[in-house]
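An overview of the molecular structure
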Amino acid sequence: MKKRNLKLGSKLLIAFLLVGFIPLAIIGPSSLITAKKALNQAALDRLAAIEETRRSQIEDYFKQVFIDSETMARSMDVFILYEQFDMYDNVNDVDENSPYNITDDEYHQIYKESGKNLSRLHADGGYADIYFIGVPYGHVKFSAAKASDLGTNLNSGEFKDSQLAQVWRQVSDTKAGVFLDFAPYRADDMRPNAFVGQPVFDEDQELLGVLAFRLSAHRINAIMQERSGLGETGEAYLVGPDQLMRSDTYFAPDRYGVAASFAAPQEGRMTTEATQLALAGKSETRVTRNYKGDAVLASFGPVSIGGAQWAIIAEIGAGEAFAAVTHLQWLSAIVALFCLAGIIAVALFMTRAIAAPLKKGVAFAETMAQGDFSNELDIKSGDEIGD
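Residues numbered from 1 in each chain as written. Predicted model: local features only at pLDDT ≥ 70, side-chain atom pairs only at ≥ 80, totals over all residues. Heavy atoms only, no water.

Details of the overall build of the chain
Within the chain, the regular secondary structure consists of eleven helices and nine strands. For the chain, the share of sequence-separated contacts (at least 6 apart) that also reach a separation of at least 24 residues comes to 55%. Carbon and sulfur atoms make up 56% of the accessible area of the chain, which amounts to about 20800 Å² in all. (Helix = DSSP H or I, 4+ residues; strand = E, 2+ residues; numbered from the N terminus. Contact = heavy atoms within 4.5 Å. Areas by Shrake-Rupley, 256 points an atom, 1.4 Å probe, with all protein chains shown as cover.)

See below:
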């Protein structure tokens with residue numbers, strides 16, 4: 001049986017298609033891969049920049065807290081306040097085991113006149129409270145917020161086991177500044193608060209008292225919940241070494257918020273992979289799962305606050321983070337389809353343009369070979385074939 005060969009038209013069509021397909025098959029995917037890598041890296045870099053910005057803002061905020069507390073502890077304002085209270089104590093014969101007398105007119109005059117700059121810093125700096133605590137008895141002699149801890153005896157009173165008492169004891173013992181991480185505080189209805197304490201010295205470096213700043217999560221939340229660059233699905237938040245929140249999440253503050261996580265720690269612990277790695281001291285930007293189980297692009301790492309190591313996480317939904325890549329893939333697929341259609345159309349046209357005149361020529365030659373010279377070869381192509 002005679003083997004059947006491909007016709008010339010088919011051979012030409014295959015040749016033209018290969019000439020068009022091979023460059024498209026090589027250049028198209030390689031260009032797409034290069035573009036995808038560039039877009040993926042751009043998404044990683046954008047989120048890492050957001051995380052770094054939030055980290056810097058949080059570090060700057062706490063630096064300012066430490067500067068404010070140290071500066072005020074060394075100020076003449078606090079020294080004068082100490083002197084006024086010292087004279088008040090001598091007149092009133094203060095009992096080391098009793099609360100501080102904050103009821104008479106002389107006390108109110110000292111509070112108003114000598115404590116006005118502390119009250120101003122409390123308001124302008126956004127602090128939850130600022131305290132002046134006496135030594136050695138631990139009387140809370142000044143509270144800018146005038147909360148229920150004003151006048152208490154931190155050595156023997158109802159707040160003797162509180163964070164404020166811990167600050168007073170640590171500063172008194174070490175004669176150095178301290179930072180106490182967030183924990184529920186009784187005078188603030190058990191809402192989590194952090195504390196910064198500074199020693200107050202005289203000219204001879206004798207300890208006169210302790211200046212303490214109480215911090216709520218309000219200012220931290222204002223920094224971490226800034227929405228710029230996070231799109232519709234992104235958020236940034238802080239987690240403490242106990243896996244409880246140090247700032248509210250944007251999408252689930254009722255569970256993963258500072259107050260909520262401390263109130264119900266079993267439900268409010270942040271145990272995501274990103275959190276665990278960041279608390280272990282690792283910094284990275286990659287795709288992982290968030291607390292809702294959704295795929296997210298996350299940038300995370302540790303952040304040191306007053307000796308405590310927290311985790312900072314910035315994340316955005318993977319679909320939104322890589323939307324440009326998805327768009328590129330769809331666009332590339334559409335362009336490739338149009339290119340394929342164009343290549344096929346051109347190949348068919350060129351095949352017919354070459355094969356049709358040749359077929360006519362072969363047929364004309366066959367009739368002449370049979371002795372029929374009555375026909376004419378009619379080829380109109382406008383090129384060498386039709387000349």
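So that's the structure; there's more coming.
A few points about the packing of helix α2 (residues 76–92) against helix α3 (residues 105–114)
A pair of packed helices is characterised by two quantities: the angle between their axes and the separation of those axes. The interhelical angle for the contact between α2 and α3, taken along N-to-C directions, is 175 degrees, at an axis separation of 10 Å. If you check the angle between α2 and α3, you find them roughly antiparallel. Counted together, D77, I80, L81, Q84, F85, Y88 and N92 of α2 and E106, Y107, I110 and S114 of α3 form the full contact between these two elements. Class assignment for the residues of the contact of α2 with α3 results in six nonpolar, three polar and two charged. (Axes fitted to C-alpha atoms, helices over the stretch in contact; angles between N-to-C directions. Parallel < 35°, antiparallel > 145°, perpendicular 65-115°, else oblique. Nonpolar A, V, L, I, M, F, W, Y, C, P; charged D, E, K, R; others polar.)

A look at the sheet that holds strand β2 (residues 140–143)
Pairing is antiparallel across the open sheet formed by five strands, whose spatial order is β2-β1-β5-β4-β3. Looking at which strands have only one partner, the edges of the open sheet turn out to be β2 and β3 (178–185). Taken over all neighbouring pairs, the strand axes of this sheet differ in orientation by 25 degrees on average, direction set aside. In terms of strand pairing, strand β4 (residues 191–201) meets strand β5 (residues 207–215) through eight bridges, oriented antiparallel. Paired with P199 across the strands is V210, a residue of β5. Relative to the sheet, helix α5 (residues 163–174) contacts β1 (129–134), β2, β3, β4 and β5, its axis offset from that of β3 by approximately 165 degrees. (Pairing = 2+ DSSP bridges.)

Section: unusual backbone geometry
Residue P136 follows V135 across a cis peptide bond; omega there is 10 degrees. By secondary structure assignment, the location of P136 is in the loop between β1 and β2. One non-glycine residue with positive phi stands out, namely M190, at about 65 degrees. Mapping M190 onto the fold places it in the loop between β3 and β4. In the Ramachandran plot, Q205 falls in the positive-phi region, its phi being about 60 degrees despite a non-glycine side chain. Here Q205 is to be found in the loop between β4 and β5. Residue classification places Q205 among the exposed residues on the basis of a relative accessible area of 51%. (Buried < 20%, exposed > 50% of the residue type's maximum accessible area, 1.4 Å probe, protein only.)

By themselves, these figures tell us nothing about what the structure is for.
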